[in-house]
Every structure is written in structure tokens, then in C-alpha cells.
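Analysis of the macromolecular model
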Amino acid sequence: MGVVNVTPDSFSDGGRWYGAGAAIEHGLEMAAHGADIVDVGGESTRPGAQRVSAEEELRRVKPVITGLVKAGLVVSVDTMRAQVAEWAVGAGVSLVNDVSGGLADPYMPRLVAKAGVPYVVVHWRAHSHDMYSRASYVDVVREVHDELAQRVGAVIAEGMDPSMIVLDPGLGFSKNPAPLGPEAHNWQLLAGLPELATIGGHDFPVLVGASRKRYLSRLFDEVDGKPRPFTENDAATVAITALAAAVGAWCVRVHEVPANADAVRVAAAYRAAGRS
């Protein structure tokens, strides 16, 4: 899954694809480089981000989604709003990626269930301006698993077909970016992906969104404490992609496609050899 942020303030590439023409061109390029899905979002969820209106979010994504769907790409919409998802489904998107797992907009699960498209349920505790204050866990893998299970139950209760649900552990969302120790939440979740996937005896497909995130930078921060630029984390992202794919992740969401597409194929060959 290739990321197209139609925003001026996303954490790693805000502004690069803000115009519709540039965003469409970028999405087409990602597909040409091996992206199976192009994920279009019009609202930043970086730490500290303030929400934009639904009208502004729609203004940003409408021409991009329309252009990419018309070009024949498989497109997903990255939104927390049922209003935006409803328009996007009508425009031909194939998947709804909701970083709040239906908590930000209670109408979202019902809408997606009625639409009959796959729905990514992301682990989430709070909006961006408040999410780090919620990064408190005793056992992060167990707690994220249990909170995802609650969301899955709530979504199914709204009529969602369980076979259409994809889980996402929400790396970076209300998770401490520490690289080591008991608060290395993101790393513990990556190591626990197989456990997270199983809920109520059912193994759900898992989407991993690790690309360029702060917890990767923390591994490489300089001695003087200067943070490593997000765009220098692409090689580390490829390593995460290979590890996640090797343990059976359904999809990885990335900013740079070519090397990650290679990593997915290497992991697929590795898994196939192990089963032969």
C-alpha cells in the first residue's frame, strides 16, 4: 500500500503531494513501482496535528481519488469520517482505512458494513493532539489485542462481515517511541503480530503502517539528541517490511514503494520455502 498524503502537514512528506495533479502523478508512479493499493488521505494524523473540517478533507481528496480510480488503480481512502468514506466508496474506492477504528465517528462501521467494502480497524486511543498522553500499558500486546477485539465486536454488531475486516496495531498512535525497554511499545507490537491477528478463534489479515515513523528515528538519533529526519528511515522501513511480511502480514503501508515491494517478494519466497 502506497501512501498519498494530500496534506500540507503530514509528518514525513507534508506538502509534497498537496496539489491534485502532483498527488495523482505520485499515485500512478507508486502503482507502476509495485503498489497493489494506493491509500489517499486528506487529514494529517501526525503527533500534535489539529483536525481539518470535513469539507476541507473532501476538497483535498475528491479530485485525487477520482483521477486514480479513473486510471484503474485499486484505491483506499484514509479517513476517520463516515461522510468522507461515503463519498469515496461512491467514487469507487476499494477499501476504507480508518485510523480510529470507528471511535472517531460512530457512523463509520455501519456505513462501511452497508457499502460491503473491506474496513481497516486501527488500534487508537485519542486524536493526534492528545495521543501520547494515552501511551500507557502494562502489557502492550495483550492490551492492544483486547482493545482491537472490542472494536471488532462493535463493528460486527453494526453488520460488518468479519471476512471484510483488516486489523492494524496502530504503530505510533498512542505508543511510546522508545527503542528499547518496557516502553518500546511499537517494537513489542511488531514482535507480537501473530498474536494480535487472532481474535475469537479467527485469524484476521493485518496491515502494518511502520513507514518513517518516529520510533524508527529513535534507533538512530545522534548523540547530541538531534532527531534523525523521517525521510532517512526508508532503509529501516524496508527491514520492518521484510520482517512483517515474513510473519504473515497481509499488507504494509509505505511512503516509498520500490524497495518495499522487493522486500515483500523476498519474504514471500522465504515463507514459501519454509512450507515446502
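Report on the accompanying structure. Fair warning: this is a prediction, and the values are worked out from it, not measured in the lab.

We now examine the sheet that holds strand 4 (residues 95–98). Strand order across the open sheet formed by six strands is 1-2-3-4-5-6, with parallel pairing between neighbours. Lying at the two open borders of the sheet, with one neighbouring strand each, are strand 1 (2–5) and strand 6 (165–168). Across the sheet, the mean angle from the axis of one strand to that of its neighbour is 25°, orientation sign disregarded. As judged from the three bridges shared by strand 3 (residues 75–78) and strand 4, these two strands associate in the parallel manner. Bridge pairing in strand 4 places Val77 opposite Val96.

Judged by which residues are buried, strand 2 (residues 38–41) turns out to be covered on both faces: Val38 and Val40 on one side and Asp39 and Gly41 on the other are all buried. As judged from the four bridges shared by strand 1 and strand 2, these two strands associate in the parallel manner. Following the sheet pairing, Asn5 is matched in strand 2 by Gly41. As judged from the four bridges shared by strand 2 and strand 3, these two strands associate in the parallel manner.

Before going further, it helps to spend a moment on unusual backbone geometry. The phi angle at Ser174 is positive, at roughly 55°, despite the residue not being glycine. Among the structural elements, Ser174 can be located in the loop between strand 6 and helix 6 (185–191). Ser174 sits in the buried class, given a relative accessible area of 0%.

Along the chain, His123 turns up in the loop between strand 5 (119–122) and helix 5 (140–157). Its relative accessible area of 2% is what places His123 among the buried residues. For His123 and Lys226, which are 103 residues apart along the polypeptide, the C-alpha to C-alpha distance reads 29 Å. What His123 contacts, discounting residues up to four positions off in sequence, is Val99, Tyr137, Val144, Glu147, Leu148, Asp168, Pro169, Gly170, Phe173 and Lys175. One polar contact links His123 to Lys175, side chain to side chain, over a distance of 2.8 Å.

What counts, and where the lines are drawn
Residues numbered from 1 in each chain as written. Predicted model: local features only at pLDDT ≥ 70, side-chain atom pairs only at ≥ 80, totals over all residues. Heavy atoms only, no water. Pairing = 2+ DSSP bridges. Helix = DSSP H or I, 4+ residues; strand = E, 2+ residues; numbered from the N terminus. Axes fitted to C-alpha atoms, helices over the stretch in contact; angles between N-to-C directions. Buried < 20%, exposed > 50% of the residue type's maximum accessible area, 1.4 Å probe, protein only. Contact = heavy atoms within 4.5 Å. Polar contact = N/O pair within 3.5 Å; in protein donor to acceptor, adjacent residues only side chain to side chain.

Everything listed here is a matter of geometry and, on its own, says nothing about what the molecule does.
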